Amino acid sequence: MAVNRRQFLQTGLATLAGLALPLSWGKPARAATPAVREYHLVAQPAKVSLGPGPEFTAWTYNGQVPGPEIRVRQGETIRVLLENRLEEPTTIHWHGVPLPNPMDGVPGVTQDPVPPGGRFVYEFVASHPGTFIYHSHVGYQLDQGLYGSLIVEPAQPESGHDREYSLLLEDWATVDGGGPAAPRRRPPSGMGMGGMGMGGMGGMGMGGMMGRRGGGGGPLWEPYYNAYAVNGRAGAAVTPLRVRRGQRVLLRLANVSSATIYHLRLAGHALTIRACDANSVRPMETDVLRIGMGERYDVEFLADNPGRWWLAAWDSGLGESGLRVPVVYEEVADGPLQEPDFQRGFRMANYWDLRAALPHEPPDNAQGVVFDQVLSGGMMGSPYWTINGEVYPQSAQLPVRRGQVVRLSYFNRSMMPHPMHLHGHFFRVVNPGLARALWPAKDTIIVDAMRRVEVEFLADNPGNWFHHCHNLYHMVAGMANLVAYLPDA
Ligand code: C2O
Ligand code: CU
């Protein structure tokens, strides 16, 4: 998928009127060494189709949703030339990647946003293998289509699976402009009504009152989505995963949705979790996998049950348009696809079942610091979401020093789950019942309603790092703050 500049100019990617890439764009032109992988991403509106339903205008990288997959080997340098052909500023964030702060893509924090017509060169070493995503970090652009998958293959190729598929899970409002332009909006739960019907009415009435883009109102409530896509295809258009009996199949699952948590099950098969958020875990079998916005799981299954099966999400309420992907054995030519069973007993692994694959050296906790993070908001239909009662950018920073062990102690006082994401670091999921060396590492963790969850990270990557709920509508509505490194003493 990597293209060089010449291929880029020859393909249809650059069909925009007046698009001319100077040959000296970014760094001086020179032959890329094998260790540098160069990509060009042009942020631009484009007509897209998820398969079923009419075309609509999404915001895309290179005219496609999702954007091109970036796939490199650990240790290689990723260089991305971003060109902004939108009418708004934009940036790209490399979600989950531990990289130098100036490359992190957070507008107003790590860089000035790239203005319309502007360009920016992102460059960093892909030092950590695993499944990542990239996406715009400006406004609601994530929910308009500006994202793609980023895969770093391990330096030592791993054997053990015969086939690999990478699946981006996407929620869509299929109207021009995507999620932020959706006509029907969902009031936060916690108003004392949970029903779809009432929520829908409230969404229609008050969503309008809350103001459209540019209307000067408060932040938007999340939309009702009308399609769920896998790699940009929905419904009957989803590309089936083909397997053969006896194969070990690796699925790299990444939830790039703006506001949807999925519970996935593959009919006829168990799933074995191999990694969460790009960190290996001891193989852990589960029937149902829960995956929040911003989370990634590498799961494996053994194809030992020939047939035609759905890998499907539970209860999206959309039937055929819910999130689902066919898994078909090549030796079984046709026949109906079997649905997974969400009614009877099944196993669902949670964070506290996971153990790091390789025990790590627990850092000396002598210089620990703890920050309480109370998550709240959405009460009485308020459009604001808060950490410790504060709305970003007014929220207090979390000051840390290099070398400290930092604990974030979340308490979710609201009635909605919040997938909390920290930039630039992996944290470990605190599990007092388990040797610290085995706590699994992640960068995004769902904090459920009325629950307490703690994570801990070593402050080893100086800068100002965004920390926020990965429900896009909660993030824009204030549920964010900064982990800010103090100068070294
Ligand atoms: Cu994937 Cu700050 O985000
Ligand atoms: Cu949230």
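The rules behind each value
Each chain has its residues counted from 1, running along the sequence as written. For this description, chains carry letters from A and ligands carry numbers from 1, given in the order in which they are written. Reporting in this predicted model follows two pLDDT cut-offs: at least 70 for local features of residues, and 80 or more for side-chain atom pairs to be given and counted; totals over whole chains, interfaces and linings ignore these cut-offs and use all residues. The basis for every side-chain value is the complete set of heavy atoms in the structure, and neither hydrogens nor water enter the calculation. We call a set of buried residues a nonpolar core when its members are Ala, Val, Leu, Ile, Met, Phe, Trp, Tyr or Cys and they connect through side-chain atoms within 4.5 Å of each other. Burial here depends on accessible area, computed with a 1.4 Å probe over protein chains only, as a share of the maximum for the residue type. Under 20% is buried, over 50% is exposed, and the range in between is partly exposed. Per the convention used, a helix needs a DSSP run of H or I reaching at least four residues, while a strand needs a run of E reaching at least two, with both numbered from the N terminus. Between two residues, a contact is recorded if the distance between any of their heavy atoms is within 4.5 Å. Here the rule is simple: two strands pair whenever DSSP picks up at least two bridges between them. Salt bridges are identified by distance alone: a Lys or Arg side-chain nitrogen within 4 Å of an Asp or Glu carboxyl oxygen. Under this definition, polar contacts are N or O atom pairs within 3.5 Å; protein pairs additionally need one hydrogen-donor-capable and one acceptor-capable atom, and for neighbouring residues in sequence, both atoms have to be side-chain atoms. Here a cavity denotes a set of grid points, spaced 1 Å apart and computed over the protein atoms alone, in which a 1.4 Å probe fits but from which it cannot get out, and a pocket denotes an open set meeting protein on both sides within 12 Å along at least five of seven lines; residues with an atom within 4 Å of a point are reported as lining. Grid points are joined across faces, edges and corners, and a volume is the space filled by probe spheres set on the points. Three residue categories are used. Nonpolar comprises Ala, Val, Leu, Ile, Met, Phe, Trp, Tyr, Cys and Pro, charged comprises Asp, Glu, Lys and Arg, and polar comprises the others, including Gly. For helices, the axis comes from a line fit to the C-alpha atoms of the stretch in contact; other axes are also lines fit to C-alpha atoms, and the angle between any two N-to-C directions lies between 0 and 180 degrees. Positive: Lys, Arg. Negative: Asp, Glu. His and the chain ends are not part of the count. Known as pLDDT, the predictor's confidence for each residue is given on a scale from 0 to 100. Whether two aromatic rings pair depends on their centres lying within 6.5 Å, for rings of Phe, Tyr and Trp, where Trp uses its six-membered ring; planes under 30 degrees apart make the pair stacked, over 60 edge-to-face, and the rest tilted. Remark: a charge is flagged as sitting over a ring if the NZ atom of Lys or the CZ atom of Arg is within 6 Å of the ring centre and within 35 degrees of the ring normal.

Asks: Would you mind showing me how to read the nonpolar core here?
Replies: If you look at the biggest cluster of nonpolar residues, it comprises 120 residues, and the most contacted ones within it are Ile 70 and Trp 94. Here the element with the most residues in this core is strand E9 (residues 163–172); it accounts for 5 residues. Setting aside its immediate chain neighbours within four residues, Trp 94 contacts Ile 70, Val 80, Leu 99, Met 103, Asp 104, Tyr 122, Phe 124, Ile 133, Tyr 134 and Leu 150.

Asks: Teacher, can you tell me more about the sheet that holds strand E13 (residues 233–234) here?
Replies: Strand pairing in a sheet relies on backbone hydrogen bonds, with the paired strands running either antiparallel or parallel. Sheet architecture is open: 7 strands sit in the order E13-E12-E9-E15-E20-E17-E18, paired in mixed fashion. The open sheet is flanked by E13 and strand E18 (279–286), the only strands paired with a single partner. Bridge analysis of E9 against strand E12 (residues 227–230) gives 4 bridges, and the strand direction is antiparallel. The partner of Trp 172 across the bridge, within E12, is Ala 227.

Asks: In this structure, what is going on with the pattern of salt bridges? I would like to understand it.
Replies: Two side chains with opposite charge may pair up if their charged atoms get near one another. Under the counting rule described, the total for this entry stands at 31 salt bridges. The residue Lys 47 makes a salt bridge to Asp 176 at a minimum N-O spacing of 3.7 Å. Taken together, the residues span a long stretch of sequence, with Lys 47 in strand E1 (residues 36–48) and Asp 176 in the loop between E9 and strand E10 (185–186) at a distance of 129 residues. Arg 274 is the partner of Glu 300 in a salt bridge, and the nearest nitrogen-oxygen pair spans 3.3 Å. Of the two residues, Glu 300 sits in strand E20 (residues 296–302) while Arg 274 sits in strand E17 (residues 271–276), which places them 26 residues apart along the sequence. A relative accessible area of 7% places Glu 300 in the buried class. Residue class for Arg 274 comes out partly exposed when judged on its relative accessible area of 32%. Sharing partners across several salt bridges, the network here consists of Glu 69, Arg 71, Arg 73, Glu 153, Glu 164, Arg 252 and Asp 298.

Asks: Teacher, can you tell me more about the side chain of Arg 324 here?
Replies: Along the polypeptide, Arg 324 turns up in strand E22 (residues 324–329). Among the polar contacts made by the side chain of Arg 324, one reaches the side chain of Glu 339 at a distance of 2.8 Å.

Asks: What exactly am I supposed to notice about empty space enclosed by the protein here?
Replies: Counted according to the given criterion, the structure contains 4 cavities of 30 Å³ or more. Lining the largest cavity are Arg 186, Pro 187, Pro 188, Leu 220, Trp 221, Glu 222, Pro 383, Trp 385, Met 416, Tyr 473, His 474 and Ala 477. Partitioned by chemical class, the residues of the lining of the largest cavity number 9 nonpolar, 1 polar and 2 charged. Of the pockets and cavities examined, the second largest cavity occupies roughly 50 Å³. Around the second largest cavity, the lining residues are His 135, Ser 136, His 137, Val 138, Gly 139, Leu 142, His 468, His 470, Leu 472 and Met 475.

Asks: Would you take a moment to explain the sheet that holds strand E27 (residues 418–422) for this structure?
Replies: The strand order across the open sheet built from 5 strands is E25-E33-E32-E27-E30, with neighbouring strands paired in mixed fashion. On the outer flanks of this sheet lie strand E25 (398–400) and strand E30 (444–447), each paired with one strand and no other. With strand direction ignored, the average angle separating the axes of adjacent strands in the sheet is 20 degrees. Here 3 bridges tie E25 to strand E33 (residues 480–485), and the two strands are oriented parallel to one another. Within the sheet, the bridge partner assigned to Val 400 lies in E33 and is Tyr 485.

Asks: Would you explain the side chain of Arg 265 in this entry?
Replies: Take Arg 265: it is sitting in strand E16 (residues 262–266). Asp 287 is the oppositely charged side chain nearest to the buried, salt-bridge-free Arg 265, at an N-O distance of 4.1 Å. At 2.5 Å, the side chain of Arg 265 and the backbone oxygen of Asp 341 are in polar contact. Those residues in contact with Arg 265 that lie beyond four places of it in its chain are Asp 287, Val 288, Trp 310, Leu 311, Ala 312, Pro 340, Asp 341, Phe 342 and Phe 346.

Asks: Which parts of the structure should I look at to understand the confidence of the model for the chain?
Replies: Detailed conclusions should not be drawn from predicted coordinates in areas where pLDDT is low. Taken over all residues, the pLDDT of the chain has a mean of 87, while the share at 70 or more is 85%. The model gives residues 1–29 a pLDDT under 50, and that stretch makes 47 contacts with residues more than four places away or in other chains.

Asks: Would you mind showing me how to read the packing of aromatic side chains here?
Replies: Where two aromatic rings form a pair, the distance of their centres and the angle of their planes describe that pair. Summed over the entire model, instances satisfying the criterion amount to 12 aromatic pairs. With 5.5 Å between their ring centres and 70 degrees between their planes, Trp 94 and Tyr 122 make a pair best called edge-to-face. Of this pair, Trp 94 sits in strand E5 (residues 93–95) while Tyr 122 sits in strand E6 (residues 119–125), and the two are 28 residues apart along the sequence. The class of Trp 94 is buried, set by a relative accessible area of 0%. Measuring from centroid to centroid gives 5.1 Å for Tyr 140 and Tyr 473, while their planes differ by 25 degrees, and the two rings are stacked. Taken together, the residues span a long stretch of sequence, with Tyr 140 in the loop between strand E7 (130–135) and strand E8 (147–153) and Tyr 473 in helix H3 (residues 472–476) at a distance of 333 residues. An identical accessibility class is assigned to Tyr 140 and Tyr 473; each is buried. An aromatic cluster of at least three residues, connected via ring pairs, comprises Tyr 61, Trp 94, Phe 120, Tyr 122, Phe 124 and Tyr 134. Positioned above the aromatic ring of Tyr 224 is the side chain of Arg 184, whose terminal nitrogen or guanidinium carbon lies 4.6 Å from the ring centre. Between Arg 324 and the ring centre of Trp 310, over which it is positioned, the NZ or CZ distance is 4.2 Å.

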